Structure formats: C-alpha cells, structure tokens
Amino acid sequence: MIAIGCDHAGIDLKPHVISVLEELGLPYKDFGTFSHESVDYPVYGELAARAVASGECELGIVMCGTGVGIGIAANKVRGVRCVMCSDCYSALMSREHNDANVLAMGARVVGSELAKMIVRTWLTAAFNGERHARRVGQLQTLDGGGTLLP
Ligand code: RB5
C-alpha cells in the first residue's frame, strides 16, 4: 500500500502519480487533500508519513508546490526518511543507498512526465543493504534522539 498526500498546490500532480501506481499494479491510500482550496501542507505530510511509520503503508508519496514543505513535514515523523526529488538519479539513489520510504515532489517544479519517471524509478528500485544498512542505522539513531558523536 502506498500512502499519498498533497496540499492544494500539489494536487494537480496527484492523478499523474496515481497513473503510475495503477500501471505498476500498486494499491494506494489517498490521505488528501481533495480540492484546490488552500490547506496547510504539514497536515497532509504528517498524515501520509504516519501511515508509513505505523506500517499501514509500505511507502509514501507527498506533493506540494515545491515538495520542500511537505517533505520537511514528513521527515518530522519518527521512522520516516523522506527524499525531495526533482530528478531520477536522486530518486534511484534514495532507495538504493538511503532506503527512503517517502518521496516528495513539487508540482510547481517538475512536469507531469518527469514526475511519472521519478515515481516509476523510485518505486521499482530496491535498497542495496550492506554498508548502506549501517548508515541507515545511524540515521535511525539520530531519528530516535541519539547521537553518533563520542
Ligand atoms: C503553498 O503555496 C506552498 O507554499 C506549498 O505548497 C509548498 O510549496 C511549501 O513548501
């Protein structure tokens, strides 16, 4: 299950993202927003991120105007590693090296076809593990309020 969240500025990208999920046969849960009426992006970032952190959804995709605000909001939820992507290379690496579990994009930044390529790339990539697992473990230490410093 893929969690979807967006604000009013990200909503026009949502049908394009959903078209990729349908193409890949992946079920999704849409946490809104559902109209162009102005809303606060942190709410929708939190909704989608909590669904991922709780295990209800395996991965999440969030959208706002830039992808920045909703991505920051998602990253405030413990257990979430959200990447803001405007290119396919970062999308691929964020899965292979960082085990990112939420993807953020900006509807005012990427066009619909690039966004679809980013989503396809991100959803079909896999975590490489090995040395990257140690580093993701360090991210989890920071996420839990711990430190990596002596
Ligand atoms: C809304 O105007 C805009 O600020 C929001 O979608 C997002 O880009 C914030 O980071």
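Residues numbered from 1 in each chain as written. Predicted model: local features only at pLDDT ≥ 70, side-chain atom pairs only at ≥ 80, totals over all residues. Heavy atoms only, no water.

## Re the sheet that holds strand 1 (residues 2–6)
Let me state the cut-off plainly: Note: two strands are recorded as paired if DSSP finds a minimum of 2 bridges between them. Per the convention used, a helix needs a DSSP run of H or I reaching at least four residues, while a strand needs a run of E reaching at least two, with both numbered from the N terminus. Only C-alpha atoms enter the line fits that serve as axes; for helices the fit covers just the stretch in contact. Angles between N-to-C directions range over 0 to 180 degrees. We call two residues contacting when some pair of their heavy atoms lies within 4.5 Å.
A sheet is described by the order of its strands in space; here 5 strands give the open sequence 2-1-3-5-4, paired in parallel fashion. Of all the strands in the sheet, just strand 2 (28–30) and strand 4 (82–84) have a single pairing partner and so form its edges. In this sheet, adjacent strand axes meet at a mean angle of 20° when their direction is disregarded. The strands touched by helix 2 (residues 41–53) within the sheet are strand 1, strand 3 (59–64) and strand 5 (102–106), with strand 1 carrying the most contacts at an inclination of about 175°. Each of strand 1, strand 3, strand 4 and strand 5 is contacted by helix 5 (residues 112–124), which is oriented at about 170° to strand 5, the strand it contacts most.

## So, the nonpolar core
Threshold: In this text, buried Ala, Val, Leu, Ile, Met, Phe, Trp, Tyr and Cys residues form a nonpolar core when linked through side-chain atoms within 4.5 Å. The buried label goes to any residue with under 20% of its type's maximum accessible area, the exposed label to any with over 50%, and the partly exposed label to all in between, with areas taken from a 1.4 Å probe on protein chains only.
In terms of nonpolar packing, the biggest core is built from 23 residues, with Ile-61, Leu-103, Met-105, Val-119, Trp-122 and Leu-123 touching the most fellow members. Elements that contribute at least two residues to this core include exactly strand 1, helix 1 (14–23), strand 3, strand 5 and helix 5. Ranked by residue count, the leading element in this core is helix 5, at 5 residues. The residues touching Ile-61, leaving out its near neighbours within four places in the chain, are Ile-2, Ala-3, Ile-4, Gly-5, Val-17, Leu-21, Leu-103, Met-105, Val-119, Trp-122 and Leu-123.

## Quick word on the site of the ligand
To keep it simple, the criterion reads: Nearness is defined per residue: one heavy atom within 4 Å of the molecule or strand is enough. In protein, a polar contact means a hydrogen-donor-capable atom and an acceptor-capable atom, both N or O and within 3.5 Å, with residues adjacent in sequence counting only if both atoms are side-chain atoms; elsewhere, any N or O pair within 3.5 Å suffices. Accessible surface is estimated by sampling points in the Shrake-Rupley manner with a 1.4 Å probe; for residues, cover comes only from the protein chains shown. Throughout, the ten residues Ala, Val, Leu, Ile, Met, Phe, Trp, Tyr, Cys and Pro are labelled nonpolar, Asp, Glu, Lys and Arg are labelled charged, and all others, Gly among them, are labelled polar.
Taken together, Asp-7, His-8, Ala-9, Tyr-41, Cys-64, Gly-65, Thr-66, Gly-69 and Arg-108 form the complete shell of residues around the ligand. Within the backbone of Gly-65, one N or O atom sits 2.8 Å away from an oxygen atom of the ligand. Taking Gly-69, its main chain carries an N or O atom lying 2.9 Å from an oxygen atom of the ligand. Contact with the protein chains removes 71% of the 290 Å² of surface that the ligand exposes when unbound. Each residue belonging to the shell around the ligand can be placed in one class, and the counts come to 3 nonpolar, 4 polar and 2 charged.

## Focus on the pairing of strand 5
Let me state the cut-off plainly: Note on handedness: a clockwise path from strand one over the helix to strand two, with the strands aimed away from the viewer, defines a right-handed crossover.
With 5 of 5 residues buried, strand 5 is to be regarded as a mostly interior element. By the alternation rule, side chains of strand 5 split into Val-102, Ala-104 and Gly-106 and Leu-103 and Met-105, which are all buried. Pairing of strand 3 with strand 5 involves 5 bridges; the strand directions are parallel. For Cys-64, the partnering residue across the bridge sits in strand 5 and is Gly-106. As judged from the 3 bridges shared by strand 4 and strand 5, these two strands associate in the parallel manner. Paired with Met-84 across the bridge in strand 5 is Ala-104. On the question of chirality, the crossover connecting strand 4 to the parallel strand 5 by way of helix 4 (residues 88–96) is right-handed.

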